[in-house]
Amino acid sequence: MRHFHTTRFRDIVGHAAPLDAIATALKGGRLAHGLLFHGPEGVGKATVSDALMRRMLCQQTEEEHAGGAGFDFGEEIDGDRALPQEACGACASCTRLETGSHPDLLTLTMEEGRTRILVEQVKELSHFIALTPLLAPYKVAVVDDAAEMNLQAANALLKTLEEPPPQSLIILITRSPGSLLPTIRSRCHAIRFQPLEEKALYSLLCDRMAESSEGEASRQSLKLAAQLADGRVSKAVELAESDWLKNRQELWQEMARLCGPQNRLALGDVNRLAKSWAAPERFNQGVELLELWFREQIHATLADRSEQHEGLPPPPPIGGMGNHAAARQWLELAERFQKMVREQRTFNVNRQLMLETILIEVVRSLPRLQGGGGRSIV
Ligand SMILES: [Zn+2]
């Protein structure tokens, strides 16, 4: 899943500045014919574009203001955000959109098997946008990702942006505005999207997974998903919906047990753990999780505990805090593991054997990492 769509402005979490810019422009009847939504992957550009497209296709406001000079789309106030007025969801145009296709909407993306958006596609857009709207007050075209246009395509789009038809809106969406022609950028009203704050992501996940987010363990999982998603809605939802968090929790518990306060290495435990993650359908995720586990050990060894995110479990109590020598040891183990993974993939080494080897190395290193006496193997 690439984008997480909601259809209404009021359902969009965060993005106060972009929504305010859009509301202000709509209210004053000064919405540019070309908008450039730019910002990191997965933060919600397409979601806002979706809500705006719906607003622009809705007939309701046009009917109310028929005969007047220019549209006043009004705005709604939601907490400290000014939101553009929503599409009505009931008019002929809104209803048509629900059926899947709309004669006044064109979405341009890279075609399957291509590496660029081609000039033929942009010519189709230019032709489309110049036609009189059939149902809606506007013709709306969305280009996602606009930086995928080749030079010819970009030049063709520039022509349309230079002389936009009166009742038209083109929304360009991109992760890399720097790759667009400067002349295209200067023809558009650029609206910048920022990664969402962890808190906003968390509240979005709680809303979205209301039924399944009962219970403290599940809330902790959602907090963790919000923390690991780098401000990207799509990533947070993907993490929260997949079994990744559950598996992470499982592996962390198993590793904590293995590295726990015992003085003997139980080969039986190592064997069971390695076997359960060596299964073909789990192995790749297991490798990814173990790499993350090593990173967390390094981080936990160096980190100040006060940096821990509220509500998340503290790092496993292994490795001395602020101990650079221990961090180096963890780093060596992590590198050793990465080398084993490469070898496994190149030479098709037995997966279980590879996992057993690294787990034994971890347990053998614990005395040096934790201080104290040696550890015997049974
Ligand atoms: Zn409507």
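Everything below is about the structure shown above.
Attention here is on the structure that accompanies the text. Not measured: the values here are computed from a predicted model. (Residues numbered from 1 in each chain as written. Predicted model: local features only at pLDDT ≥ 70, side-chain atom pairs only at ≥ 80, totals over all residues. Heavy atoms only, no water.)

Now for the pattern of salt bridges. Under the definition given, this model contains 16 salt bridges. A salt bridge links Arg175 to Glu41, with the shortest nitrogen-to-oxygen separation between them at 2.9 Å. Of this pair, Arg175 sits in the loop between strand 6 (168-174) and helix 7 (182-187) while Glu41 sits in the loop between strand 1 (34-38) and helix 2 (45-57), and the two are 134 residues apart along the sequence. We note a salt bridge from Glu241 to Arg208, for which the minimum N-O separation is 3.3 Å. With Glu241 in helix 10 (residues 233-241) and Arg208 in helix 8 (residues 198-208), this pair connects stretches of sequence that are 33 residues apart. When salt bridges with common partners are traced through the structure, they connect Glu41, Asp145, Glu148 and Arg175 into a single cluster. (Salt bridge = Lys/Arg side-chain N within 4 Å of Asp/Glu carboxyl O. Helix = DSSP H or I, 4+ residues; strand = E, 2+ residues; numbered from the N terminus.)

Another point: unusual backbone geometry. Residues Asp144 and Asp145 are joined by a peptide bond in cis, for which omega reads 0°. Relative to the elements of secondary structure, Asp145 occurs in the loop between strand 5 (139-144) and helix 6 (151-162). Here Asp230, not a glycine, exhibits a phi torsion of approximately 55°, which is positive. Structurally, Asp230 can be placed in the loop between helix 9 (216-228) and helix 10.

A separate point is the coordination of the zinc ion. Cys58 (SG), Cys88 (SG), Cys91 (SG) and Cys94 (SG) make up the full set of protein donors to the zinc ion, lying at 2.3 Å. Metal-centred angles of 102 to 119° between the four donor atoms at the zinc ion mark the site as tetrahedral. Mapped onto the polypeptide sequence, the residues donating to the zinc ion form the spacing pattern C-x29-C-x2-C-x2-C. (Donors = N, O, S within 2.8 Å, 3.2 Å for Na, K, Ca; no water. Tetrahedral: all angles 85-135°; square planar, octahedral: opposite > 155°, others 65-115°.)

Think of a sheet as strands paired side by side through backbone hydrogen bonds, with each pair either parallel or antiparallel. Spatial strand order, 4-5-6-1-7: five strands in an open sheet with parallel pairing. At either margin of the open sheet sits one strand with a lone partner, and together these are strand 4 (105-108) and strand 7 (189-192). Across the sheet, the mean angle separating the axes of adjacent strands is 15° when strand polarity is ignored. Note that strand 1 and strand 7 share four bridges and pair parallel. Across the sheet, the residue bridging to Leu36 is Ala190, located in strand 7. Relative to strand 5, helix 5 (residues 119-130) is tilted by about 160°, and along the sheet it contacts strand 4, strand 5 and strand 6. On the sheet, helix 6 packs against strand 1 and strand 6 and is oriented at approximately 140° with respect to strand 6. (Pairing = 2+ DSSP bridges. Axes fitted to C-alpha atoms, helices over the stretch in contact; angles between N-to-C directions. Contact = heavy atoms within 4.5 Å.)

A word on the packing of aromatic side chains. The tally for this structure, following the rule as stated, stands at five aromatic pairs. On the numbers, 5.5 Å between centres and 85° between planes, the contact of Trp293 with Trp330 is edge-to-face. Remark: Trp330 occurs in helix 14 (residues 324-347) and Trp293 occurs in helix 13 (residues 280-302); sequence separation between them is 37 residues. Trp293 sits in the buried class, given a relative accessible area of 1%. The class for Trp330 is buried, based on a relative accessible area of 0%. Between Lys223 and the ring centre of Tyr202, over which it is positioned, the NZ or CZ distance is 5.2 Å. (Phe/Tyr/Trp six-rings, centres within 6.5 Å; stacked < 30°, edge-to-face > 60°. Buried < 20%, exposed > 50% of the residue type's maximum accessible area, 1.4 Å probe, protein only. Lys NZ or Arg CZ within 6 Å of the ring centre and 35° of its normal.)

In this structure, the second largest pocket occupies an estimated 240 Å³ of space. If you trace the second largest pocket, you find it lined by Leu228, Lys235, Glu238, Leu239, Ser242, Trp244, Glu288, Leu292 and Arg295. Only helix 10 and helix 13 provide two or more residues apiece to the lining of the second largest pocket. Its residues assigned to classes, the lining of the second largest pocket shows four nonpolar, one polar and four charged. Domain assignment of the residues forming the lining of the second largest pocket places at least three in each of domain 2 (197-242) and domain 3 (243-377). (1 Å grid on protein atoms, 1.4 Å probe; cavity = no way out; pocket = protein on both sides within 12 Å on 5 of 7 lines; lining within 4 Å. Points joined across faces, edges and corners; volume = space filled by probe spheres on them. Nonpolar A, V, L, I, M, F, W, Y, C, P; charged D, E, K, R; others polar. Domains from an automatic or database assignment.)

Attention shifts here to the pairing of strand 1. Counting buried positions along strand 1 yields five of five residues, so the element is predominantly enclosed. On strand 1, burial covers both faces: Gly34, Leu36 and His38 on one face and Leu35 and Phe37 on the other are all buried. Two elements, strand 1 and strand 6, share five bridges in a ladder whose sense is parallel. Bridge assignment links His38 to a residue of strand 6, and that residue is Thr174.

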